[in-house]
Amino acid sequence: MHTIYIFGLGPSHLGEIPKQVYETIAQQKQIYLRTIEHPAAKELVAEGLPVQTFDAIYEQYDEDFEQVYPAIVEELLTLAQEGDVYYGVPGHPAVAEASVKLLLESEAETKIIGGKSFIDDLFAAVEIDPIEGFQLVDSFGIDADEIYPGHHLIIMQVFHAMIASDVKLALMEIYPDEHPVGMIDAAGSPEEKVTWLPLYELDFFDEVHNLRSVYVPPLKRDEAVNSFATTQSYVDEIFAEQGDVWTKKQTGEGLLKHFQGELDELKAAYANDDIENVVEELGDLLMQVLYQTEVGEKEGIFSLEEVLAGLNQKLRRRHPHIFDDVQADTVEEVEAIWQKVKEQERKNKES
């Protein structure tokens, strides 16, 4: 198999492609582009370069987008059987480019020959310094559980209102509805545009914007009320040397009576069908768990991280029917798996 050379088209226009990269691809008898829907791609065609795109694959898998990138890679691997292949993608090949990731994971001989990412231009457009901490996520894979609201957040490929709607719903699990967000179109190009709007209006547009990203400013600690990290920081401060006098005198065993008291109040809330109070009492129980781990850490016995490690390992170990190829379609089958795993855990402790 021959080599697949991968180059980036930059964030927008042809002038942002590095000179060396341009001179290299200009000498080729054929270059392949993931899509023509990019300003530099269209300019390469206008200059008469021999361009072939994979846009037909997007149309072929219009209702099954997950098949697009594997299909593109399959075609590239076939082409590489006959000779070297020059393959171009928007931005920089090493930044959030799924087809390149698949190529690098394949058995093909690959080489990235350069490009320019949109990231630097986006930082400049919204006037932020990445040293403060940031997350870069793809709109197709956004997960509210993996977002840290204390960092700058950049979401790529928010080019359609339906995608923007999914992004908005994920963000609204963490950020206030009125939280300001920036829509950045064509960062770094003459057509660059930054539009600020409240989060709840994020999907209020009709056109398709292929070069659109979204920037979400960080929340201050007291604003990030939906974040477990905020909870941890509050508890850490309460138990700090200059913290709460009462907590300094507590022991793990001494806190048990408060744990039991909160549990009794939770039972009463359920008995009264008072869901608002159920939520509050669950929070109080969580607070007691965190107080226990803080005391354990303070005494050098154990830490929250050890508790989480044990819990995560147990959740993973006791649910092979969720995480592995074990079949369990009934409650009885789940119970049998549970007992089998627990028995193995017992044997491991005894050995």
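The following paragraphs examine the structure supplied in this document. Predicted model, so just to flag it, every value in this text is computed and none were measured.

## Looking at the overall build of the protein
In step 1: Across its full length, the protein carries 14 helices and 10 strands.
In step 2: Along the first, second and third principal axes, the C-alpha atoms of the protein reach 80 × 50 × 40 Å.
In step 3: For the protein, restricting intrachain contacts to residue pairs at least 6 apart in sequence, the fraction spanning at least 24 positions comes to 60%.
In step 4: Side chains of the protein carry 26 positive and 69 negative charges; the gap between the two charge centres is 8 Å.

## So, the pattern of salt bridges
Any two side chains of opposite charge can pair, on the condition that their charged atoms come close.
In step 1: One pass over the structure, following the stated rule, counts 14 salt bridges.
In step 2: Lys-116 is the partner of Asp-121 in a salt bridge, and the nearest nitrogen-oxygen pair spans 3.2 Å.
In step 3: Here Asp-203 and Lys-168 are joined by a salt bridge, their closest N and O atoms 3.0 Å apart. Here Asp-203, found in the loop between strand E9 (193-198) and strand E10 (212-216), pairs with Lys-168, found in helix H7 (residues 161-171); they are 35 residues apart in sequence, far enough to count as distant.
In step 4: Taking relative accessible area as the criterion, Asp-203 reaches 17% and is therefore assigned buried.
In step 5: Residue Lys-168 is classed as buried on the basis of its relative accessible area of 12%.
In step 6: A cluster of three or more residues bridged by salt bridges with shared partners is formed by Glu-16, Lys-116 and Asp-121.

## As for the nonpolar core
In step 1: Formed by 26 residues in total, the largest nonpolar core has its most connected members in Ile-155, Leu-171, Tyr-175 and Leu-202.
In step 2: For this core, the elements supplying multiple residues, two or more each, are strand E7 (152-156), H7, strand E8 (180-185) and E10.
In step 3: Ranked by size, the runner-up nonpolar core spans 19 residues in total, among them Ile-4, Leu-76, Ala-80 and Val-85.

## With respect to the sheet that holds strand E4 (residues 85-89)
In step 1: Read across the open sheet, the five strands follow the order E3-E2-E4-E1-E5; overall the sheet is parallel. With partners counted over all chains shown, the strands left at the sheet margins are strand E3 (51-53) and strand E5 (109-114), one partner each. The sheet shows a mean angle of 30° between the axes of neighbouring strands, taken without regard to direction.
In step 2: With two bridges connecting them, strand E2 (residues 31-33) and E4 associate as parallel partners. When the sheet's bridge partners are listed, Leu-33 is paired in E4 with Gly-88.
In step 3: Against the sheet, helix H4 (residues 68-80) touches strand E1 (3-8), E2 and E4, its axis set at about 155° to E4.

## Side note on unusual backbone geometry
In step 1: Here Gln-157, not a glycine, exhibits a phi torsion of approximately 60°, which is positive.
In step 2: Locating Gln-157 in the fold gives a position in the loop between E7 and H7.

## Considerations on the packing of aromatic side chains
Describing an aromatic ring pair means giving the distance of the ring centres and the angle of the ring planes.
In step 1: Evaluated as defined, the whole model comprises eight aromatic pairs.
In step 2: Ring centres of Tyr-5 and Tyr-86 lie 4.8 Å apart, and the angle between their planes is 15°; on these two criteria the pair is classed as stacked. Taken together, the positions of Tyr-5 in strand E1 and Tyr-86 in strand E4 put the pair 81 residues apart, joining distant regions of the chain.
In step 3: Between Phe-140 and Phe-159, the aromatic rings sit 6.1 Å apart at their centres with planes inclined by 45°, giving tilted as the arrangement. Highlighted residues: Phe-140 in the loop between strand E6 (134-138) and E7 and Phe-159 in the loop between E7 and H7, separated in sequence by 19 residues.

## Side note on the packing of H4 against helix H5 (residues 98-105)
In step 1: At their nearest, the axes of H4 and H5 sit 9 Å apart, and the two run at 50° to each other. The angle between the axes of H4 and H5 places the two elements in the oblique class. In this structure, H4 crosses over H5, and the sense of that crossing is right-handed. Along its contact with H4, which presents Tyr-69, Pro-70, Val-73, Leu-76 and Leu-77, the element H5 presents Ala-98, Ser-99, Leu-102 and Leu-103.
In step 2: In terms of residue class, the contact of H4 with H5 is made up of eight nonpolar, one polar and no charged.

## Some details on a nonpolar patch on the surface
In step 1: On the surface, Phe-228, Leu-286 and Val-289 cluster together into a nonpolar patch covering about 230 Å² of accessible area.
In step 2: By the element assignment, Val-289 lies in helix H11 (residues 275-298).

Criteria and cut-off values
Residues numbered from 1 in each chain as written. Predicted model: local features only at pLDDT ≥ 70, side-chain atom pairs only at ≥ 80, totals over all residues. Heavy atoms only, no water. Helix = DSSP H or I, 4+ residues; strand = E, 2+ residues; numbered from the N terminus. Contact = heavy atoms within 4.5 Å. Lys, Arg positive; Asp, Glu negative; His and termini not counted. Charge placed at Lys NZ, Arg CZ, Asp CG, Glu CD. Salt bridge = Lys/Arg side-chain N within 4 Å of Asp/Glu carboxyl O. Buried < 20%, exposed > 50% of the residue type's maximum accessible area, 1.4 Å probe, protein only. Core = buried A, V, L, I, M, F, W, Y, C linked by side-chain atoms within 4.5 Å. Pairing = 2+ DSSP bridges. Axes fitted to C-alpha atoms, helices over the stretch in contact; angles between N-to-C directions. Phe/Tyr/Trp six-rings, centres within 6.5 Å; stacked < 30°, edge-to-face > 60°. Parallel < 35°, antiparallel > 145°, perpendicular 65-115°, else oblique. Left-handed = near helix turned anticlockwise from the far one by under 90°. Nonpolar A, V, L, I, M, F, W, Y, C, P; charged D, E, K, R; others polar. Patch = residues over 30% accessible without salt bridge, like charges linked within 9 Å, V, L, I, M, F, W, Y side chains within 5 Å. Areas by Shrake-Rupley, 256 points an atom, 1.4 Å probe, with all protein chains shown as cover.

Coordinates in, geometry out; function isn't part of it.
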